[in-house]
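Notes for the structure review
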Amino acid sequence: MDGSFGKDRVCGVIAAGTAHEMKSQMRLGLQTTRTLELRLDYLRNSRERTAFLGWLRRVHPRAVLIATCRSRQGGGLFQGGWKTQIEILTQAARAGCRWCDVEIETAKHIAPDELRRALSPARVMVSHHDFRGTPRNLPGIVRQMAHAGGQVVKIAAQCHSISDSARICGLARGRRDIVAIPMGELGLAGRVLSLREGSALAYAAVEQTTAPGQLSLDAMEHLYNAARITRRTRVYSVIGNPIGHSLSPLLHNTAFRARKFDAVLVPFLVRDLRDFLRSVEPFGIAGFAVTIPHKESILRHLDDCDPLAARIGAVNTVVVRGGGRLYGYNTDYVGVLRSLERRMRLAGSRVLLFGAGGAARAAAFALAQAGSIVCLSARRPERARALARATGAQVVARGELRREFFDVIVNCTPVGMHPRGGSPFGGEELNCRIVMDMVYRPRTTELLQCARRKGIETISGVEMFLAQGFAQYEIWTGERAPEAAMRRAITAALEREEKSQGQRRGERPR
């Protein structure tokens, strides 16, 4: 079998209810890729399909077009029978589509040679979609489908673990005739990394997503640089739960591009650390960033650790060394110091840290070593007391905050993070000169807004996020981080987000 689709391996998915909308999406998609899937089952009726295919026959766009008319049984919207489905795909082939995607539920009704003749001159892709989970015998399914008449086999399956995603991507290794698509939240990173494994295509939405976990074409092209991923591309990741808020992919992929370093960083939603760690070798991961809630628990899985990170008891950066050995660092320490020392003299200052997790531990050790008087308050007092014993800090009960004064109050919890919002403190508890929030998205959290209303100086979590990210990049690559490019990318993304949110608020009826 031969899976040649041309030079563009990122396929933009066109899905709309009318011929007019399909045309509009095609024009948009062609600005990024010359490989497009046409979801004919999304067109609302036969009249719209006839209009669209008639237009296609007249214009002959210079692109590799893949016609799909997926039935409901195969996860699509088409409600007609399999014979009508084949008729529609035949019309698409005559309109200029170079490929027709036929799901296995339809292909099994027709002999392989007959299927190919019916859809000629288009080539045939036979697809298998499982929206319930990842089948155990994936290689067996591939062998069965290879005899169904297609030049290419596509496997798309819902992932209930990161290991599922790695198994699906592994099907494409060393092949040119496999399209491997991990679906769902746990398959998101695999949609990018499947290209590194050799998948003939990766799919991305031009406007409307058509499968769980499908990324946008814009993200695949501009965030992950997916079209240029090869087997030589180094893989890094950021892991956490939740992870959708993270701007680490933008931060590091911007740096890789600025330095012309052949690498990509992808996010993994990690509910089970062991599940992720089993996939480090299959995906070829060279290093990963660690965020909540895994900064402390990752220590149990490391082969070795930087002495400072071991003392802190939390790791946010891991390097994968020879033999798959994991070595941990903590760059949150650097981020806290750089963010605060620009604004104040740390020695002798009184700093309240709210929280007792991995980020709070890094801050407590950093500030204690810098000579600050560190105070701790946390939702779970026993954790605050344990951290206080390790760092020589004081514990302040939550009820006492209204009567205390600090030089700095630092929120080390995720409270206030996009999209939930909220603030860990009430205004009456902010008795200080400076408020710093480790949450960086949104850039101006509700906590910082409250502080500004009281005339208190503020420090956004963006400063810490950038500083720790610069250090991460240098640990992974051994090169100086392109700080200006990284800062510009993050600032621009947050400004766009703020502007968009402001416009949405302005559109609400009064």
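Residues numbered from 1 in each chain as written. Predicted model: local features only at pLDDT ≥ 70, side-chain atom pairs only at ≥ 80, totals over all residues. Heavy atoms only, no water.

Topic: the pairing of strand β6 (residues 152-158)
- Along β6, seven of the seven residues are buried, which leaves the element largely enclosed by surrounding structure.
- Pairing between strand β5 (residues 123-130) and β6: six bridges, direction parallel. Counted as the bridge partner of Met125 is Val152 from β6.
- On the question of chirality, the crossover connecting β5 to the parallel β6 by way of helix α6 (residues 138-146) is right-handed.
- Two elements, β6 and strand β7 (residues 178-183), share six bridges in a ladder whose sense is parallel. In the sheet register, Lys154 faces β7, and the bridge partner there is Val179. (Buried < 20%, exposed > 50% of the residue type's maximum accessible area, 1.4 Å probe, protein only. Helix = DSSP H or I, 4+ residues; strand = E, 2+ residues; numbered from the N terminus. Pairing = 2+ DSSP bridges. Right-handed = clockwise from strand over helix to strand, strands pointing away.)

Observations concerning the environment of Cys69
- With respect to the secondary-structure elements, Cys69 resides in the loop between β3 (64-68) and α3 (82-94).
- The buried category is assigned to Cys69, whose relative accessible area is 1%.
- Spatially, the C-alpha atom of Cys69 lies 8.5 Å from that of Ile86, the residues being 17 residues apart in sequence.
- Contacts of Cys69, omitting those with residues within four sequence positions, involve Leu40, Asp41, Phe78, Gln85, Ile88, Leu89 and Glu103. (Contact = heavy atoms within 4.5 Å.)

Section: the packing of aromatic side chains
- Applying the stated criterion across every chain yields a total of twelve aromatic pairs.
- Here the aromatic rings of Phe276 and Phe288 are separated by 5.0 Å at their centres, their planes lie at 80°, and the arrangement is edge-to-face. A residue pair is termed long-range when its members are at least 10 positions apart, and Phe276 in helix α11 (residues 273-278) and Phe288 in strand β11 (residues 285-290) qualify at twelve residues. The burial state of Phe276 is the same as that of Phe288; both residues are buried.
- An aromatic cluster is present here, built from Tyr236, Phe256, Phe261, Tyr473 and Trp476 joined pairwise through their rings. (Phe/Tyr/Trp six-rings, centres within 6.5 Å; stacked < 30°, edge-to-face > 60°.)

Focus on unusual backbone geometry
- Following Ser120, the chain continues into Pro121 via a peptide bond in cis, with omega recorded as 10°.
- Among the secondary structure elements, Pro121 is positioned in the loop between α5 (112-119) and β5.
- Of the consecutive residues Asn241 and Pro242, the connecting peptide bond is found in the cis state with omega at 10°.
- Position of Pro242 among the secondary structure elements: in the loop between β9 (234-240) and α10 (248-258).
- One non-glycine residue, Asn225, lies in the positive phi region at around 50°.
- On the basis of relative accessible area, Asn225 is assigned to the partly exposed category, the value being 24%.

Points about the nonpolar core
- Membership of the largest hydrophobic core comes to 120 residues, with the highest contact counts inside it found for Leu38, Leu40, Phe52, Leu56, Phe268, Phe276 and Phe288.
- Excluding residues that lie within four positions of it along the chain, Leu56 makes contacts with Met26, Leu38, Pro61, Leu65, Ala95 and Cys97. (Core = buried A, V, L, I, M, F, W, Y, C linked by side-chain atoms within 4.5 Å.)

Quick notes on the pattern of salt bridges
- If you walk through the whole model with that rule in mind, you get 24 salt bridges.
- Across the pair Arg132 and Asp130 runs a salt bridge whose closest N-O atoms are separated by 3.5 Å.
- Note on Arg132: relative accessible area 70%, which makes it exposed.
- Here Arg173 ties to Glu197 by a salt bridge, and the two come within 2.5 Å at their closest N and O atoms. Of this pair, Arg173 sits in the loop between α7 (162-170) and β7 while Glu197 sits in helix α8 (residues 188-197); the two residues are 24 residues apart in sequence, bridging distant segments of the chain. (Salt bridge = Lys/Arg side-chain N within 4 Å of Asp/Glu carboxyl O.)

Considerations on the sheet that holds strand β17 (residues 394-395)
- On the basis of which strands lie adjacent, the open sheet formed by six strands has the order β17-β16-β15-β18-β19-β20 and parallel pairing. In this open sheet, the two edge strands, each paired with only one partner strand, are β17 and β20 (457-459).
- Bridging between strand β15 (residues 350-354) and strand β18 (residues 406-411) involves four bridges; their strand directions are parallel. In the sheet register, Val351 faces β18, and the bridge partner there is Val408.
- The strands that helix α17 (residues 446-453) touches are β18, β19 (432-437) and β20; relative to β19, the one it contacts most, it runs at about 160°. (Axes fitted to C-alpha atoms, helices over the stretch in contact; angles between N-to-C directions.)

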